[in-house]
Amino acid sequence: MKIEIFDTTLRDGEQGAGVEFSTHDKLRVIHALDSLGVSYIEAGMITDERSAAFFESLRDVKLQNARLAVFTQTCKASEAAEDNRLLTLAASAPVPVAVIYGKAWLYQVTDVLGTSAEENLRIIGESIRYLRNAGKEVIFDAEHFFDGYADSPEYAMSVIRTAYKNGASRVVLCDTNGGMLPDVVGLITTAVTEKFQSIGIHCHNDMGMAEASTVSAVLSGATQVHGTISGVGERCGNANLNTLIPVLQLKLGFDCIGDKISSLTRTARLVNEAANLSFNESEPFVGGYAFTHKAGAHIDGVRKAPRSFEHISPETVGNARNILISGLSGRSAIADKMNAYLRENEIEYSKDDSRVLRALELIKEREAAGYDYEDAGASLSLLIDEALRRRQHYFSLLSLKVIVDENATEASTVEDKNYFTASAIIKISVDGKEYLTAGEGNGPINAIDEALRRALTRFYPAIASMHLTDYRVRVLDSNATASNVRVSIESTDGKSVWRTIGVSSDVINASWQALCDSVEYMLGKEQAK
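This write-up is about the structure you can find in this document. Note that this is a predicted model, so its numbers are computed, not measured.

Turning our attention to the pattern of salt bridges. Applying the stated criterion across every chain yields a total of 28 salt bridges. Between Arg122 and Glu126 there is a salt bridge, with its nearest N and O atoms 2.6 Å apart. With Arg122 and Glu126 both in helix α5 (residues 117-133) and four residues apart, the pair spans about one turn of that helix. For Arg122, a relative accessible area of 27% gives the class partly exposed. The exposure class assigned to Glu126 is buried, which follows from its relative accessible area of 18%. A salt bridge links Arg499 to Glu281; the shortest N-O distance between them is 2.2 Å. Taken together, the positions of Arg499 in strand β16 (residues 497-504) and Glu281 in the loop between α11 (264-274) and β9 (292-293) put the pair 218 residues apart, joining distant regions of the chain. What makes Arg499 buried here is its relative accessible area of 16%. A relative accessible area of 7% places Glu281 in the buried class. Residues participating in the shared-partner salt-bridge network are Arg366, Glu386, Arg391, Asp517 and Glu520.

What follows covers the pairing of strand β13 (residues 433-442). Across 10 bridges, strand β12 (residues 421-430) lies against β13 in antiparallel orientation. Paired with Lys427 across the two strands is Leu436, which belongs to β13.

For the coordinates displayed, the defined rule picks out 11 aromatic pairs. Relative to Tyr101, the ring of Phe71 lies with its centre 5.2 Å away and its plane at 5 degrees, an arrangement referred to as stacked. Placement of the pair is Phe71 in strand β3 (residues 67-73) and Tyr101 in strand β4 (residues 97-103), with a sequence separation of 30 residues. Ring geometry for Phe145 versus Phe146: centroids 5.8 Å apart, planes at 85 degrees, classification edge-to-face. By the burial criterion, Phe145 is buried, and Phe146 matches it. Ring pairing ties together the aromatic residues Phe145, Phe146 and Tyr149, which thus form one cluster. Lying over the aromatic face of Phe71, Arg11 brings its terminal NZ or CZ to 3.7 Å of the ring centre. Stacked on the ring of Phe54, the Lys or Arg Lys26 has its end atom at 4.5 Å from the ring centre.

With that settled, consider the packing of helix α3 (residues 85-92) against α5. Packed helices, taken two at a time, are described by the angle their axes make and the gap between the axes. In the contact formed by α3 and α5, the axes pass within 9 Å of each other and the chain directions differ by 30 degrees. Compared by their axis directions, α3 and α5 come out roughly parallel. In this structure, α3 meets α5 at a crossing whose hand is right-handed. Only Ser127, Tyr130 and Leu131 of α5 make contact with α3, whose side of the interface consists of Leu87, Thr88, Ala90 and Ala91. Split by residue class, the contact of α3 with α5 holds five nonpolar, two polar and no charged.

Moving on, we come to the pairing of strand β1 (residues 4-7). Both faces of the sheet carry side chains from a regular strand, because those side chains alternate between them. Residues Glu4 and Phe6 line one face of β1 and the alternating positions Ile5 and Asp7 line the opposite face, and both faces are buried. In terms of strand pairing, β1 meets strand β8 (residues 224-227) through four bridges, oriented parallel. For Asp7, the partnering residue across the bridge sits in β8 and is Gly227. Bridge count for β1 against strand β2 (residues 40-45) is two bridges, and the pairing is parallel. Its bridge partner being in β2, Phe6 is matched across the sheet by Tyr40. Once you follow β1 into helix α1 (residues 23-36) and on to β2, the crossover reads as right-handed.

Packing of helix α14 (residues 354-368) against helix α15 (residues 377-387) brings their axes to within 9 Å, and their N-to-C directions diverge by 130 degrees. Looking at the two axes, α14 sits oblique to α15. Along this stretch, α14 crosses α15, giving a crossing that reads as right-handed. In this structure, α14 contributes Arg355, Arg358, Ala359, Leu362, Ile363 and Arg366 to the contact, and α15 contributes Leu380, Leu383, Glu386 and Ala387. Of the residues that constitute the contact of α14 with α15, the class distribution is six nonpolar, no polar and four charged.

With phi around 55 degrees, Arg235 is a residue other than glycine that occupies positive phi space. If you trace the backbone, Arg235 turns up in the loop between β8 and α10 (241-251). The phi dihedral of Asn276 falls on the positive side, at around 60 degrees, and the residue is not glycine. Summarising the element assignment, Asn276 is placed in the loop between α11 and β9. The exposure class assigned to Asn276 is exposed, which follows from its relative accessible area of 68%.

Here we come to the sheet that holds strand β14 (residues 467-475). Pairing between the strands of a sheet comes from backbone hydrogen bonds, and it takes one of two forms, parallel or antiparallel. Sheet architecture is open: three strands sit in the order β14-β15-β16, paired in antiparallel fashion. Both outer strands of the open sheet, β14 and β16, are each paired with one neighbouring strand and no more. Strand after strand, the sheet turns through a mean of 15 degrees between neighbouring axes, direction not considered. Two strands pair when backbone bridges link them, and β14 and strand β15 (residues 485-492) are joined in this way by eight bridges, in the antiparallel orientation. Among the inter-strand pairings, Tyr471 is bridged to a residue of β15, identified as Ile489. Sheet contacts for helix α18 (residues 507-528): β14, β15 and β16; angle to β16, the most-contacted strand, approximately 145 degrees.

For helix α2 (residues 49-56), the set of buried residues is Ser51, Ala52, Phe54 and Phe55. For α2, the buried positions fall inside an angular range of 140 degrees around the axis, keeping them on one side. On its buried face, α2 sits against α1, β2, β3 and α3. Where α2 begins, the capping side chain belongs to Asp48, and its oxygen is found 3.2 Å from the backbone nitrogen of Arg50.

Together, Leu181, Met207 and Met209 make up an exposed nonpolar region whose accessible area comes to about 230 Å². Overall, the relative accessible area of 30% leaves Met209 in the partly exposed class.

The rules behind the values
Residues numbered from 1 in each chain as written. Predicted model: local features only at pLDDT ≥ 70, side-chain atom pairs only at ≥ 80, totals over all residues. Heavy atoms only, no water. Salt bridge = Lys/Arg side-chain N within 4 Å of Asp/Glu carboxyl O. Helix = DSSP H or I, 4+ residues; strand = E, 2+ residues; numbered from the N terminus. Buried < 20%, exposed > 50% of the residue type's maximum accessible area, 1.4 Å probe, protein only. Pairing = 2+ DSSP bridges. Phe/Tyr/Trp six-rings, centres within 6.5 Å; stacked < 30°, edge-to-face > 60°. Lys NZ or Arg CZ within 6 Å of the ring centre and 35° of its normal. Axes fitted to C-alpha atoms, helices over the stretch in contact; angles between N-to-C directions. Parallel < 35°, antiparallel > 145°, perpendicular 65-115°, else oblique. Left-handed = near helix turned anticlockwise from the far one by under 90°. Contact = heavy atoms within 4.5 Å. Nonpolar A, V, L, I, M, F, W, Y, C, P; charged D, E, K, R; others polar. Right-handed = clockwise from strand over helix to strand, strands pointing away. Arc of directions from axis to C-beta. Polar contact = N/O pair within 3.5 Å; in protein donor to acceptor, adjacent residues only side chain to side chain. Patch = residues over 30% accessible without salt bridge, like charges linked within 9 Å, V, L, I, M, F, W, Y side chains within 5 Å. Areas by Shrake-Rupley, 256 points an atom, 1.4 Å probe, with all protein chains shown as cover.

As structure tokens, then:
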């Protein structure tokens, strides 16, 4: 059975705190979602002429799988649909689908809209009919449907009846408050689907049950699922499509996006990067930790029989298994890690190889000094290369000077006083060629990053696509300002993410170690290509 996936990341998702897309990013996301195979993409909401202008940029967009939709409201009470400016803008938007929302809860009708039950039905019906006459496919979001049904099943059902009567292709039951339990959502959806077809479900996550409620609705007859990538959205967010798609398709046998599910992890990361969000590595299915194993018994079990500790094959959703290595790891785990890393080069090493023992000793030595490779796979890969005496250094540091401007006395606000500009002057050598350059940033680490990438781009143009996405410092002991610190850096080239570490009593030195590892790891990947 086909389940339509309706993505609202660019509309409902953008209403989440900290989520923001540029026009360029929106177009990237639209094409990524289309490639993923979703059925509908809600490209945004029309609230004024400025927001309507964005839809003009979609006029020539060609998609293979998805239909683009514009989101808007009904006309107001005592107003004709053709007189509502937002409806006229939505009607002229160059996309084939219009999504319109209206009240399905009498309490909202009387206390929020301040109108009568009959007038609410009129504005819903007339607004849908107006958009249908403009040539749009119309999907109606029955706002607060489950709360409305609990108060008055008759009125909630009359809202659905009105929507279909006036030309809506689908009616979507919305748990707008996110306060319904999954079994209640299922029971009410069953009551609706016994009388109406083409029903959708749209759940918010205010109780952490948006995905469970959505699954309950699908099992009760809903055939269209609304959600966002990574569950971003207003308040606690929306139903997470990264979880829902594999659950519905792999666990329950519904056809959501077919074999395109193998691109789910890549798409999830691209959308988060476009939204300027740090990716949640603990996400089911697509997170970096979803198939990561640390406990010795788990590592041994998954080596012998992957199904013992993995409920699906990670490759099914475009993810990969990850074995965490520490000083307590056995030789088998180290050998597995080395073989996985070197398989691309068609080089195999047994667990009794002397170089495996050397790698284990190096890990123990580094961990005794404060390094932790559990979440720094890139640095670990470089350490293995070092143990195998095959690590390549792509540049040498000849000199580095950092200047911090701490003159904040003239700053006018607290925010300004916390902002220290810094400059870094760096001299590097690549294959005997020296290059001197400088960089400026918000603090010394940012300045060093800018200066290093500026210097290296001259020799390695691929560096231009790399940037840091996370930076963390952890104090390792309690020796006050002389304490050792561990710096962890997360980097991306827009396609993949990797993590590196450095340890020192000097935070700049530790940062430099992590930054160098990050750059050399990327250059190694580029060379392998």
